[in-house]
2 protein chains.
Amino acid sequence: MKEEKLLLSSQICFPIYSVSRLLTKAYKPHLEELGITYPQYLVLMVLWENDKVSVNQITEKLLLNTNTMSPLLKRMEKMDLVNRTRSKEDERIVIVALTDKGRELKTKALPIPDRLFDEIVTDEIEIDDMLKLKDTLCELISVLTVKNEASVPSE
Amino acid sequence: MKEEKLLLSSQICFPIYSVSRLLTKAYKPHLEELGITYPQYLVLMVLWENDKVSVNQITEKLLLNTNTMSPLLKRMEKMDLVNRTRSKEDERIVIVALTDKGRELKTKALPIPDRLFDEIVTDEIEIDDMLKLKDTLCELISVLTVKNEASVPSE
DNA sequence: TATATTTGCATCGTGCACGATATAAGCGTG
DNA sequence: CACGCTTATATCGTGCACGATGCAAATATA
């Protein structure tokens, strides 16, 4: 029954892919209050931890490439969340720094993860996508657990 | 230490988001041999399991919306992987069916998941992204395990 | 049988992702 | 200094994702 391997449910990748999208969707209403998208939220988190970092440092933290970051940062600059200035020591490097507006968003962003986690765990919100998210998350956990037991990295 | 909550590492969402992208990237070279993308691969898997289904049935399986599926299916039709015909019983419904070419891809696609899993588990491939993937996957598993223990759904 | 509502799909606009490529600054070596 | 090589960022093209909107076919309701 080699066929089984091609079922969607038997693959690690599909549930991860779905949960990722559904989680981003779950974040959306909260982030919309701040007027930002999920990737922009990630960039802000990097800067809230450590302000004034190079584009490269951000891409390393987020595992994204500059061809994604450059336009993203440009949009964020246009929104007055960050500003970008060339380093004087090395003209190749662009330093990304929070504006006051970008810094202030941190307070509003703080409660989001907890609020979201509560929404998922408790059954307060019975929205369609939230149910799918819970189901898919449980599926992912079980698949990962099996896969993980089958192949603990030899450290 | 409420601050901690905003660290990237302490959130469920970021590792899932990263693993999802890195896994898709890991699939890429294998799928490129078939000339398809990851979402196209997902559509084909649905059709390999069950040919001649409506657009709606595909979106339900993949948890995607028609505004993503419609152009995706159009591209796949242009690539001669599927064809789209309006149902005669209900003119609103579009039936998606595999072409011979689409059906034949199944054989080539069968070994991909196993090959990929081996690549990740064993250290045969020490590509940069693959290492990130392993790290992030392990992180994800540990985060999910903690979160899961803290909140097993009451069934 | 008219009208309203629902359903299934498509289109549009925007924002990622990412491979390929470009470009300019810095660096290394002769 | 000239040369090539590396590094940091940007640009371009393509393909998702997805909210908002549109539209026609089917169905429900008056």
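Heads up: the structure comes first, above all this text.
The sections below set out a description of the structure shown in this document. Fair warning: this is a prediction, and the values are worked out from it, not measured in the lab.

This next bit is on the overall build of chain A. For chain A, the helix and strand inventory stands at seven helices and three strands. Reading chain A from its N terminus to its C terminus gives the helix and strand order α-α-β-α-α-β-β-α-α-α. Here chain A holds 155 residues, and the buried ones make up 45% of them. Sequence-distant contacts, at least 24 apart, represent 54% of the contacts inside chain A between residues at least 6 apart. On chain A, roughly 8,500 Å² of surface is accessible, and the fraction owed to carbon and sulfur atoms is 52%.

What follows is about the protein's contact with DNA strand D. Taken together, 29 residues sit near DNA strand D, with Tyr17, Asn56 and Ser70 of chain A together with Asn67 and Arg75 of chain B positioned nearest. Sugar and phosphate atoms form 72% of the subset of DNA strand D atoms that lie within 4 Å of the protein. With respect to DNA strand D, the backbone of Asn56 of chain A contributes an N or O atom lying 2.7 Å from a phosphate oxygen. Between a phosphate oxygen of DNA strand D and a main-chain N or O atom of Glu91 of chain B, the distance comes to 2.9 Å. Contributing elements (two or more residues each) for the surface near DNA strand D: helix 1 (13–34), helix 3 (55–62), helix 4 (66–78) and strand 2 (82–86) of chain A together with helix 2 (38–49) and helix 4 (66–78) of chain B. Among the residues making up the surface near DNA strand D, the classes are represented as seven nonpolar, ten polar and twelve charged.

Note on sheets: strands pair through backbone hydrogen bonds, and any given pair is parallel or antiparallel. Residues and elements named next belong to chain B. The three strands are arranged 1-3-2 in an open sheet whose pairing can be described as antiparallel. Two strands bound the open sheet, and with one partner strand each, they are strand 1 (53–54) and strand 2 (82–86). With two bridges connecting them, strand 1 and strand 3 (residues 94–98) associate as antiparallel partners. Across the sheet, Ser54 pairs through a bridge with Ile95, a residue of strand 3. Along the sheet, helix 4 contacts strand 2 and strand 3; its crossing angle with strand 2, the most-contacted strand, is approximately 120°.

Calculation criteria
Residues numbered from 1 in each chain as written. Chains lettered and ligands numbered in written order. Predicted model: local features only at pLDDT ≥ 70, side-chain atom pairs only at ≥ 80, totals over all residues. Heavy atoms only, no water. Helix = DSSP H or I, 4+ residues; strand = E, 2+ residues; numbered from the N terminus. Buried < 20%, exposed > 50% of the residue type's maximum accessible area, 1.4 Å probe, protein only. Contact = heavy atoms within 4.5 Å. Areas by Shrake-Rupley, 256 points an atom, 1.4 Å probe, with all protein chains shown as cover. Near = heavy atom within 4 Å. Polar contact = N/O pair within 3.5 Å; in protein donor to acceptor, adjacent residues only side chain to side chain. Nonpolar A, V, L, I, M, F, W, Y, C, P; charged D, E, K, R; others polar. Pairing = 2+ DSSP bridges. Axes fitted to C-alpha atoms, helices over the stretch in contact; angles between N-to-C directions.

Geometric descriptors of this kind do not, in isolation, establish any biological role.
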